[in-house]
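If you want the building blocks of each chain, they are given just below.
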Amino acid sequence: MKVLQLITSTRSFFEQQVEVLESRGVECTVVGVPGEYRADSPRSVTDYLRYYPRVLAHVRRGDYDLVHANYGLAAPFALAQPVRPVVLTLWGTDLMGEMGWLRRLSRTGARLADAVVLPSPAMATALETDHVEIPFGVDTDRFRPMSRARARDRVGWEPDRPVALFPYDRSREEKDFARAKRVVDRADVDLELRTVTGVPHEEMPAYMNASDVLLVTSKRESGPMVVKEAAACNLPVVSTDVGFVRETLGDVENCAVCETDDDLAAGLESVVADGGRSNGREVVDQLSLDAMGERLLALYDRVLEDSSGRPTTRRTEAEHGV
């Protein structure tokens, strides 16, 4: 099977998705929007105008079985190619973010796609279209428990003082670093707040295992994946009630999902007083990359089977010279 994967920008969970599909014999070609992506400098309209001819050129010469659009902004380019069935995965901010035009674009793309994937039940409240839920998988080989002392030695932290890990850029308004600092200051415990951002993804397990608690104070999230990764390391989590946090941590011990600053501070106090780890590894084993890969491959097979008898679904190659 050959799949054309369309993205506007890459993420670690998407790269893992491609790896696990290719390990199952799916040949993936990833095509991104031209131009360099930076959070503080979005791509131009010209970059997106250059994208469709690039997508169409790949479809014409690539003999792909289907096109998988990853993120709502990629949907129009997948749907505009006239031949192959389309799978659309929405990532969260495209469906539940603050940009109304992007929410509308994502919902329209979902209605027109042959299949829609949501990574979280929390997103289903914002979408009326039929969909399947396939959670983003966690690399449980990479994210695994290790000795805190060994992890601290690896990242160069002092051995004794408890650490609350804030794994985001402080300048990202929706992550609310100011609240994280306020909550740590309010907690009646000696706790150091450490921000870790911009490190290679493969190094994050060391930082998680070197920490005593993961602190998430986000105002909104579609995930966050970092909560699943922390659980895979048995790192306790104290978080606001956003995204799929509550459903992920429902059976995980020594964690807290909170609404108020007082509750967040109390959660930190409880975790530090306990001094232990969580049992998150037991919970996220069912969210492995292998499980995600099997479910995506089954969806691809179903979409191809459903579309095989519908020549007008994506029209014919002859009609469009593809």
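Structural data are supplied above this passage.
Read on for an overview of the structure. These numbers come from a predicted model, not from an experiment. (Residues numbered from 1 in each chain as written. Predicted model: local features only at pLDDT ≥ 70, side-chain atom pairs only at ≥ 80, totals over all residues. Heavy atoms only, no water.)

Applying the stated criterion across every chain, the model contains 19 salt bridges. Residue Glu98 pairs with Arg220 through a salt bridge whose shortest N-O separation is 3.4 Å. You can see Glu98 sitting in the loop between helix H4 (93-96) and helix H5 (100-112) and its partner Arg220 sitting in the loop between strand E9 (213-216) and helix H10 (225-232), a full 122 residues away along the chain. Among the ionic pairs, Arg182 bridges to Asp261, the shortest N-O distance being 2.6 Å. Here Arg182 is found in helix H8 (residues 177-186), whereas its partner Asp261 is found in helix H12 (residues 261-274), with 79 residues between them in sequence. (Salt bridge = Lys/Arg side-chain N within 4 Å of Asp/Glu carboxyl O. Helix = DSSP H or I, 4+ residues; strand = E, 2+ residues; numbered from the N terminus.)

Taken together, the 5 strands give an open sheet; going across it, the order is E8-E7-E9-E10-E11, and neighbouring strands pair in parallel fashion. Looking at strand neighbours, the two that pair on one side only are strand E8 (192-195) and strand E11 (256-258), the edges of this open sheet. On average, each strand axis in the sheet is tilted by 25 degrees relative to the strand beside it, whichever way the strands run. Examined bridge by bridge, strand E7 (residues 163-166) and E8 share 4 bridges and lie parallel to one another. (Pairing = 2+ DSSP bridges. Axes fitted to C-alpha atoms, helices over the stretch in contact; angles between N-to-C directions.)

So, about the nonpolar core. Grouped together as the largest cluster of nonpolar side chains are 106 residues, with contacts concentrated most on Leu6, Met208, Leu214, Val238 and Leu268. Counting residues per element, this core draws most heavily on helix H14 (residues 289-307), at 7 residues. (Core = buried A, V, L, I, M, F, W, Y, C linked by side-chain atoms within 4.5 Å. Buried < 20%, exposed > 50% of the residue type's maximum accessible area, 1.4 Å probe, protein only.)

Here we take up the pairing of strand E3 (residues 66-70). A large share of E3 lies buried, amounting to 5 of its 5 residues. Of the two faces of E3, both are covered, the one formed by Leu66, His68 and Asn70 as well as the one formed by Val67 and Ala69. Taken together, the 5 bridges between strand E1 (residues 2-7) and E3 define a ladder with parallel strand orientation. Residue pairing across strands places Ile7 opposite Asn70, the latter belonging to E3. Alignment of E3 against strand E4 (residues 86-89), held across 4 bridges, turns out to be parallel. Bridging across to E4, Ala69 finds its partner in Leu88.

These figures capture arrangement, not role.
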